[in-house]
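Tertiary structure, described
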Protein chains: 2
Amino acid sequence: MGVGGCRAAGLGIGAGGGGEGAAVAAGEGYDGRGGDLREVFENLKVKLKEISALQGVQSLLTWDQQVYMPVNGVTARGEQQAVIARVVHAHQTDEELGAYLRPLMAEFEQLRELGFSQLEIASVREAARDYNRTRKKPVELAARAAKLEATGVNTWQKARKEKDFSLFAPVLQEWIDIIKQEAAAVEPISDVYDFCLDKFERGASTKRLDPFFASIKTPLISLVRQIHKTRQGPNRQFLQSKDLFSGTFSLETQKRLARRFSEELGFEFNSGRFDESVHPMTINIMSPSDVRITSRFSETELSSGILATLHETGHGLYEQGRNAQACKEGLPVSRPPGMGMHESQSLLWEKQVGMSAEYWEHYWPIILRSFSSLPHSEFTEFHKVINEIKPSFIRVSADEVSYPLHILLRYEIEKGLLHGSLQVADVPAVWNQKMEEYLGIVPQNDAEGCLQDIHWGIGLFGYFPTYTLGAVYAAMLFQAAEKEIPELRKCIKEGKFKPLREWLREKIHTVGSLYETADELVEKVTGSKLDASCFLNYLSNKYGALYNLSRAEVDAVAIGS
Amino acid sequence: MGVGGCRAAGLGIGAGGGGEGAAVAAGEGYDGRGGDLREVFENLKVKLKEISALQGVQSLLTWDQQVYMPVNGVTARGEQQAVIARVVHAHQTDEELGAYLRPLMAEFEQLRELGFSQLEIASVREAARDYNRTRKKPVELAARAAKLEATGVNTWQKARKEKDFSLFAPVLQEWIDIIKQEAAAVEPISDVYDFCLDKFERGASTKRLDPFFASIKTPLISLVRQIHKTRQGPNRQFLQSKDLFSGTFSLETQKRLARRFSEELGFEFNSGRFDESVHPMTINIMSPSDVRITSRFSETELSSGILATLHETGHGLYEQGRNAQACKEGLPVSRPPGMGMHESQSLLWEKQVGMSAEYWEHYWPIILRSFSSLPHSEFTEFHKVINEIKPSFIRVSADEVSYPLHILLRYEIEKGLLHGSLQVADVPAVWNQKMEEYLGIVPQNDAEGCLQDIHWGIGLFGYFPTYTLGAVYAAMLFQAAEKEIPELRKCIKEGKFKPLREWLREKIHTVGSLYETADELVEKVTGSKLDASCFLNYLSNKYGALYNLSRAEVDAVAIGS
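Just so it is clear, the structure is predicted and the values come from calculations on it, not from any experiment.

So, on to the overall build of chain A. If you tally the helices and strands in chain A, you get 23 helices and three strands. Taking 2.2 N^0.38 as the reference for a compact globule, 561 residues should give roughly 24 Å; the C-alpha atoms of chain A span a radius of gyration of 24 Å, in line with that estimate. With respect to the principal axes defined by its C-alpha atoms, chain A has extents near 75 × 55 × 50 Å. When the 561 residues of chain A are sorted by exposure, 60% land in the buried category. Taking as baseline every contact in chain A between residues at least 6 positions apart, the subset at least 24 positions apart corresponds to 75%. For chain A, the accessible area works out to roughly 21900 Å², and carbon and sulfur atoms hold 50% of it. With 64 positive and 74 negative side-chain charges, chain A shows a separation of 3 Å between the mean positions of the two kinds.

Here it is in structure tokens:
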């Protein structure tokens, strides 16, 4: 699910002064001498390192709360989180930080020739952006948001339980107000939804994403329909022994296997942990040497625990692969360039690798040996089951083909709400109408409709698209890897993941935020900017084969018609 | 072993200005009106609450490091601890805190009639003391101590490994220098060793402890010798089945039992955790609702894991029993009045209860049922084994009778070092000579002699005596409980611990630091100030019976001759 320890703020360089303090901008009024900049940078690093260490503490508080904290500890933990958040904010907006950033940004264009490395220059850029964004956000707005975050979750839970959107509507409306005010204070020249998108995916905007989503909408709706028309489903019979329903998938065995699968992908347990929590997650205690993933397991269902483990292992490998020296110095260049890129790593390992036929050719015999009561069957049967395409109401359990349509629906609603073309009260009706249009099904109530996700309860607008950007980046990266790594699919079939892992480490993990956007990084690695065609090709070929679609049907999806 | 989340600083009220900022003192120059003091106090509470929450964060960082942190996380964790320590220090020495404390201390004697409760008044007293102590400690000295603490442990480990005290001597010398300078800055009128003692046990001084230790020295040396003369040891044969040495004390079974024992004493698992760590410990995440104990288990030895669990459960019950409302508000009155009192709670449950015949009359049959390979025997046999008196070199594995002699030896050496009557280079010789005098044995090398404890490596001087103060308080409190709780021993025999637990909760746990010293609290509860006779009585009666000593021998110990 989520990933902790990632930055949450974005743009800001050169946006001029405003808010509470003077902003840091490129090329503006520095009268110091370039020769001292190295010393200034060293001082900056000390401050950045402190912020990074404090963020590590925040991550640990969150991890502990999800994994090991006793239930009655929740109130005290909330107070600890609140005080640390204030401390972090004070460090992030410390005028001393501005005093170091100002001369560095004044000479930003000259840093290269003054002997600064690319990693250092990118760190200055990122640090200045963070500083400006945080300084410009009005303190009273931040306090209002913090308060609403706490009450918003409770209200959302209550509304979902009672299946009544109207209970939640006031929270949603207040978030919209807060976000509009925040955007006006921080990025007054930006569109409010672009401001939201850019928070999680640098450079993302409706101008970029409208055509992107348009390019996948029709092909995916069509692919879902074609698959539905075949009236084929996987043969689940081989899993429907009485053992399955009497719950014989021993949790201990599943955990042991999941740990093994994670370790064989390359997750390093001396620098990480693997635990259980209600919501699977990855948290980095702000060091590639302390990365913690969690998963969850069901006694009656085998695949979800394993796939969740592969997903979080993908996030975990990214975190463990981050530039160790830059992390050690607290340099923001070590961070991923956005949530889309982070999600691409989890989805690459979960979907491109972990849901491939090759992967299960290797691992299915191990599953069979581990659960002796499981009747004998071919890996191809299991491969079909985990790749079943079947529209459902709930995003988190959606298949690979429907999933982007769940995201598109949310993208359109968020855009409408923030642009004012959609009123809060109309969300349930619009939601249901779009579900019918995109997936051919209509939720029976708001709980399985517009109240299903926590995101809007905690003010996360603009986050959803990163799930689909991640899926597309994953397809693009895997295709590039196939070109560069000899016999990649054969490696997977043999359970050898080092070549792919090392390739990703070199091309993605250690590169961090060297480039300003994930888009730039993807272009460096694959030769192409964000482009859905590779993803559509992947889906149409994979599911065309699994569902025996005709060549014409497959081609219709692949070319995006 | 240790207890986290306890205060480490002590005296300071009314000590006048000095150090970096003006001190807060009672009755000095406040020109405000008493009527506003309630508001001032409310502001003070907000600041104290922040400090308390930050200390909770420190506790969690420590707990995680000991229990779950991946090995490679150690460097990043050190940086997190360092930055949080700086943040806590900044909060503790914040001038705003002084600004609230000053008017409250100026009217300290009038607070009662101004409507402040006793708990509130004690909190003001404690907060002022903390503030003065922390403000007066020179920053550069704190930095030197922090640095030495890190390198000191490494040097100590190396010296112990090589069994060579001379490697450790420079560290010890530097600690002595630092402590002398700290005492001179913080409590210039105090004796340097008294300053150390008072840090961990308010009001403790050589004037108080010299006669105290004198009163137990001869009786305990004599008791150890008398027992040795009997040449009796417990019959270990019943434990010496081949099962024992082939390691059949299943760790899983031991952990399950230990958890049960802890739960039956009353440890609340919804407000706490029970894990394993190399060194058993109790940590309070600064809330009675999140208290974490750990233990450790051996496959070849049954009693140590159980007794360590009872010990930590004793600490844990104290922490869970602290005044919940005061904790919630961060009021320092909720804290124990010293480490001696905390240790009294662990020792009361471990020794007075958990090593009594009554306890094992109830639990031995359960042990027998849990380890089916264990040959049948009476609980009395096991009771004798766990209460064997046998002088050994190592303090942490010492029996109840020898233990205070290990402490006395350290007390005398610390005092000599800080008063200048003992030179660092002479420590090993003096150590060995005292071991021979007190326990009749001489260590073969420094590793099993003066290098065995970590305390001097991390600058903990004055801490050791609290172990023995705890043992004496435990005996005094248990005796008082026996008078007030009908049939207390019968309750224990039946596994009913609620009466004793609730009694301790009311008399000790919830009272916290209401009184300025543990001595005062003990007097309130037992009617007597610190007095070793009750402890000597307990030991002579218990071991007189176990070793069939004559009435004359027992009486000689009991009257302290």
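The interface of chain A with chain B comprises 35 residues on the first partner and 35 residues on the second. When the two sides are added together, the surface that chain A and chain B hide from each other amounts to roughly 2800 Å², 64% of it contributed by carbon and sulfur. Linking chain A with chain B are eight salt bridges, by the criterion used here. A salt bridge links Lys49 of chain B to Glu79 of chain A, with the nearest nitrogen and oxygen atoms 2.7 Å apart. The tally of links between chain A and chain B comes to 16 residue pairs in polar contact (both at pLDDT 80 or more). Put simply, the parts of the chain that give the side of chain A that touches chain B at least two residues each are helix 1 (37–67), helix 2 (74–92) and strand 1 (272–276) of chain A. No other element matches helix 1 of chain A, which puts ten residues into the side of chain A that touches chain B. Looking at the side of chain A that touches chain B, its residues break down into 16 nonpolar, ten polar and nine charged.

Tallied over the full model, the rule gives 51 aromatic pairs over all chains. Ring geometry for Phe200 of chain B against Tyr463 of chain B: centres 5.1 Å apart, planes inclined by 65°, an arrangement best described as edge-to-face. Here Phe200 of chain B is found in helix 7 (residues 192–200), whereas its partner Tyr463 of chain B is found in the loop between helix 17 (427–439) and helix 18 (465–484), with 263 residues between them in sequence. Assessed through its relative accessible area of 10%, Tyr463 of chain B is described here as buried. Ring pairs connect the aromatic residues Phe200, Tyr403, Trp431, Trp456, Phe461, Tyr463, Phe464 and Tyr467 of chain A, which therefore count as one cluster.

Another point: the relation of the copies chain A and chain B. Note on the copies: chain A fits chain B at an RMSD of 0.0 Å, the axial shift is 0.0 Å, and the rotation between them is 180°. What the superposition gives is, in effect, a two-fold axis relating one chain to the other.

Counting residues in hydrophobic clusters, the biggest one holds 158 residues, and the most contacted among them are Leu172, Tyr359, Trp360, Ile367 and Leu500 of chain A. A per-element tally of this core places helix 18 (residues 465–484) of chain A first, with twelve residues. Filtering out sequence-adjacent residues up to four positions away, Trp360 of chain A remains in contact with Phe261, Ile306, Gly354, Met355, Pro365, Ile367, Phe379, Phe382 and Ile386 of chain A. Counting 150 residues, the second largest nonpolar core, distinct from the first, contains Leu37, Leu209, Tyr318 and Leu469 of chain B.

Residues and elements named next belong to chain B. Reading across from one edge, 1-3-2 is the order of the three strands in this open sheet, with mixed pairing throughout. Across the chains shown, the open sheet's two edge strands, defined by having one partner strand only, are strand 1 (272–276) and strand 2 (282–284). Pairwise comparison of adjacent strand axes, ignoring direction, gives a mean angle of 20° for this sheet. Two elements, strand 1 and strand 3 (residues 291–295), share five bridges in a ladder whose sense is parallel. Residue pairing across strands places Phe274 opposite Ile293, the latter belonging to strand 3.

Turning our attention to the pairing of strand 3 (residues 291–295) of chain A. Residue and element names in this part refer to chain A. For strand 3, the buried fraction is high: five of the five residues fall into the buried class. Neither face of strand 3 is left uncovered, since the one carrying Val291, Ile293 and Ser295 and the one carrying Arg292 and Thr294 both have all their residues buried. In the sheet, strand 2 (residues 282–284) pairs with strand 3 via three bridges, with the strands oriented antiparallel. Bridge assignment links Ile283 to a residue of strand 3, and that residue is Arg292. Joining the antiparallel neighbours strand 2 and strand 3 is a turn of six residues, in which Met286 adopts a positive phi near 50°.

This part covers the sheet that holds strand 3 of chain A. All names here are of chain A. Taking strand neighbours across the sheet as the criterion, the three strands line up as 1-3-2 in an open arrangement whose pairing is mixed. For this open sheet the edge positions go to strand 1 and strand 2, each flanked by a neighbour on one side alone. Strand-to-strand twist across the sheet, computed as the mean angle between neighbouring axes with direction ignored, equals 20°. Against the sheet, helix 11 (residues 303–320) engages strand 1, strand 2 and strand 3, with an angle of about 170° to strand 3.

Residue and element names in this part refer to chain A. For the structure shown, the criterion picks out 94 salt bridges over all chains. Between Glu126 and Arg335 there is a salt bridge; the shortest N-O distance is 3.1 Å. Here the residue Glu126 occupies a position in helix 4 (residues 118–136), and Arg335 occupies one in the loop between helix 12 (324–328) and helix 13 (339–353), the gap between them amounting to 209 residues. You'll find Glu126 and Arg335 in the same group, each marked buried. With its nearest N and O atoms 3.9 Å apart, the salt bridge here joins Lys137 to Glu182. In this pair, Lys137 is assigned in the loop between helix 4 and helix 5 (139–161) and Glu182 in helix 6 (residues 165–186), connecting sequence segments 45 residues apart.

Residues and elements named next belong to chain A. Packing of helix 1 against helix 3 (residues 95–106) brings their axes to within 9 Å, and their N-to-C directions diverge by 140°. Here helix 3 runs oblique to helix 1, going by the angle between their axes. Both helix 1 and helix 3 take part in a crossing whose hand is left-handed. Residues Leu37, Val40, Phe41, Asn43, Leu44, Lys47, Leu48 and Ile51 of helix 1 pack against Glu96, Leu97, Tyr100, Leu101, Pro103 and Leu104 of helix 3. In terms of residue class, the contact of helix 1 with helix 3 is built from eleven nonpolar, one polar and two charged.

Turning to the environment of Leu257 of chain A, a few remarks are in order. Take Leu257 of chain A: it is sitting in helix 10 (residues 251–265). Residues in contact with Leu257 of chain A, not counting those within four places in the same chain, are Ile366, Ile367, Ser370 and Phe371 of chain A.

With that settled, the discussion passes to the side chain of Glu358 of chain B. Residue and element names in this part refer to chain B. Considering the arrangement of structural elements, one finds Glu358 in helix 14 (residues 357–370). At a separation of 3.3 Å, a polar atom in the side chain of Glu358 contacts the side chain of Arg489. Ignoring anything within four residues of it in the chain, the contact list for Glu358 reads Arg489, Ile492 and Lys493.

The next point concerns the packing of helix 7 (residues 192–200) of chain A against helix 16 (residues 403–419) of chain A. Residue and element names in this part refer to chain A. At a minimum axis distance of 8 Å, the contact between helix 7 and helix 16 shows a crossing angle of 135°. With respect to their mutual orientation, helix 7 and helix 16 come out oblique. Contacts from Val192, Tyr193, Cys196 and Leu197 of helix 7 reach helix 16 at Tyr411, Glu414, Lys415, Leu418 and His419. Residues that form the contact of helix 7 with helix 16 fall into these classes: six nonpolar, one polar and two charged.

So, on to helix 5 (residues 139–161) of chain B. Residues and elements named next belong to chain B. Taking 1.5 Å as the rise per residue, helix 5 with 23 residues should run 33 Å; its terminal C-alpha atoms sit 33 Å apart, in good agreement. Of all the bends found along helix 5, the most pronounced is centred on Thr151 and spans about 25°. Turning to helix 5, its buried residues are Leu141, Ala145, Leu148, Gly152, Val153, Trp156 and Ala159. Lining the buried residues of helix 5 we find helix 6 (165–186). Lys163 occupies a position one or two residues after helix 5 and carries a positive phi of about 55°.

On to unusual backbone geometry, then. All names here are of chain A. Positive phi is not limited to glycine here, since Lys163 has a value of about 55°. The residue Lys163 is located in the loop between helix 5 and helix 6 in this model. The residue Glu487 is not glycine, and still its phi comes out positive at about 55°.

About the thresholds
Residues numbered from 1 in each chain as written. Chains lettered and ligands numbered in written order. Predicted model: local features only at pLDDT ≥ 70, side-chain atom pairs only at ≥ 80, totals over all residues. Heavy atoms only, no water. Helix = DSSP H or I, 4+ residues; strand = E, 2+ residues; numbered from the N terminus. Rg over C-alpha atoms; globule rule 2.2 N^0.38 Å. Buried < 20%, exposed > 50% of the residue type's maximum accessible area, 1.4 Å probe, protein only. Contact = heavy atoms within 4.5 Å. Areas by Shrake-Rupley, 256 points an atom, 1.4 Å probe, with all protein chains shown as cover. Lys, Arg positive; Asp, Glu negative; His and termini not counted. Charge placed at Lys NZ, Arg CZ, Asp CG, Glu CD. Buried area = accessible area lost by both parts, 1.4 Å probe. Salt bridge = Lys/Arg side-chain N within 4 Å of Asp/Glu carboxyl O. Polar contact = N/O pair within 3.5 Å; in protein donor to acceptor, adjacent residues only side chain to side chain. Nonpolar A, V, L, I, M, F, W, Y, C, P; charged D, E, K, R; others polar. Phe/Tyr/Trp six-rings, centres within 6.5 Å; stacked < 30°, edge-to-face > 60°. Least-squares fit on C-alpha atoms with pLDDT ≥ 70 in both. Core = buried A, V, L, I, M, F, W, Y, C linked by side-chain atoms within 4.5 Å. Pairing = 2+ DSSP bridges. Axes fitted to C-alpha atoms, helices over the stretch in contact; angles between N-to-C directions. Parallel < 35°, antiparallel > 145°, perpendicular 65-115°, else oblique. Left-handed = near helix turned anticlockwise from the far one by under 90°. Expected span 1.5 Å × (residues − 1). Bend = angle between axes of the 7 residues up to and from the residue.

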